[in-house]
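Listed here are the chains, written in short residue letters.
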Amino acid sequence: MSVHSLCVRFHIALELIGARWSGAILHMLFAGTHRYADIKAAIPGVNDTMLARRLRELEAAGLIERRVLSTSPVRVEYHLTEMGTELHPAFEELVSWAHKWVPFPEEEKAS
């Protein structure tokens, strides 16, 4: 495998999970199964159009699975797939890095 192939794969992966709202959605799903309204309520600023789009993209990429439950009323839940679950350690490392190096927005303004 050439170095170029690895760079292309890295770029594709980073674009997928780095797209606006995608990381936040995945971060919420690491905590367990969530319904659409749970995810939307937990992510400030995301609108219905973008949330639906990102959920479809993450599903198409194989990171999450959409399950329709035959309850009354019908419920839809989103679950991480095995591939999505394997991202958890990478996210934990990013959280640690962010806590060390990324200031809160209000701290930045005070400087």
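A. Fine view of the overall build of the protein. In terms of regular secondary structure, the protein is built from seven helices and three strands. For the protein, the N- to C-terminal ordering of α and β elements is α-α-β-α-α-β-β-α-α-α. Principal-axis analysis of the C-alpha atoms places the extent of the protein at approximately 50 × 50 × 25 Å. Excluding contacts between residues fewer than 6 apart, the proportion of contacts in the protein whose partners are at least 24 apart in sequence is 47%. Accessible surface, the protein as shown: approximately 8,000 Å² in total, 59% of it carbon and sulfur. Each charge class in the protein was averaged separately, 12 positive and 14 negative side chains, and the resulting centres sit 7 Å apart.

B. Quick peek at the sheet that holds strand β3 (residues 75-80). Sheet architecture is open: three strands sit in the order β1-β3-β2, paired in antiparallel fashion. For this open sheet the edge positions go to β1 (34-35) and β2 (64-69), each flanked by a neighbour on one side alone. Relative to β3, β1 is paired through two bridges, and the arrangement is antiparallel. What sits directly across from arginine 35, in β3, is glutamate 77. With respect to the sheet, helix α2 (residues 22-30) is in contact with β1, β2 and β3, its orientation differing from that of β3 by roughly 95°.

C. Broad picture of the packing of aromatic side chains. Counted by the stated rule, this structure contains one aromatic pair. Relative to phenylalanine 91, the ring of phenylalanine 30 lies with its centre 5.0 Å away and its plane at 70°, an arrangement referred to as edge-to-face. One end of the pair, phenylalanine 30, is in helix α2; the other, phenylalanine 91, is in helix α6 (residues 88-101), and 61 residues separate them in sequence. There is no split in this pair, since phenylalanine 30 and phenylalanine 91 are both buried.

Cut-off values and rules
- Here the residue numbering is sequential within each chain, running from 1 through the sequence in written order.
- In keeping with the predicted nature of the model, local features appear solely for residues at pLDDT of at least 70, side-chain atom pairs appear and are counted solely at 80 or more, and the whole-chain, interface and lining totals rest on all residues.
- With hydrogens and water excluded, all non-hydrogen atoms of the structure serve as input to the side-chain values.
- Each helix is a run of DSSP H or I of at least 4 residues and each strand a run of E of at least 2, with the numbering of both proceeding from the N terminus.
- Whether two residues touch is decided by their heavy atoms; if any such pair falls within 4.5 Å, the residues are in contact.
- Method for areas: the Shrake-Rupley scheme with a 1.4 Å probe, in which residue coverage is limited to the protein chains shown.
- The positive count covers Lys and Arg only, the negative count covers Asp and Glu only, and His and the chain ends enter neither.
- Where a charge lies is defined by one atom per residue type, namely NZ (Lys), CZ (Arg), CG (Asp) and CD (Glu).
- DSSP bridges decide pairing: two strands pair if at least two such bridges lie between them.
- Orientation is described by lines fitted to C-alpha atoms, with helices fitted over the stretch in contact, and by angles between N-to-C directions that extend from 0 to 180 degrees.
- Centres within 6.5 Å make a pair out of two Phe, Tyr or Trp rings, where for Trp the six-membered ring is used; the pair is then stacked when the planes are under 30 degrees apart, edge-to-face when over 60, and tilted otherwise.
- Three labels apply to residues, based on accessible area from a 1.4 Å probe with only protein chains included: buried if under 20% of the type maximum, exposed if over 50%, partly exposed otherwise in between.

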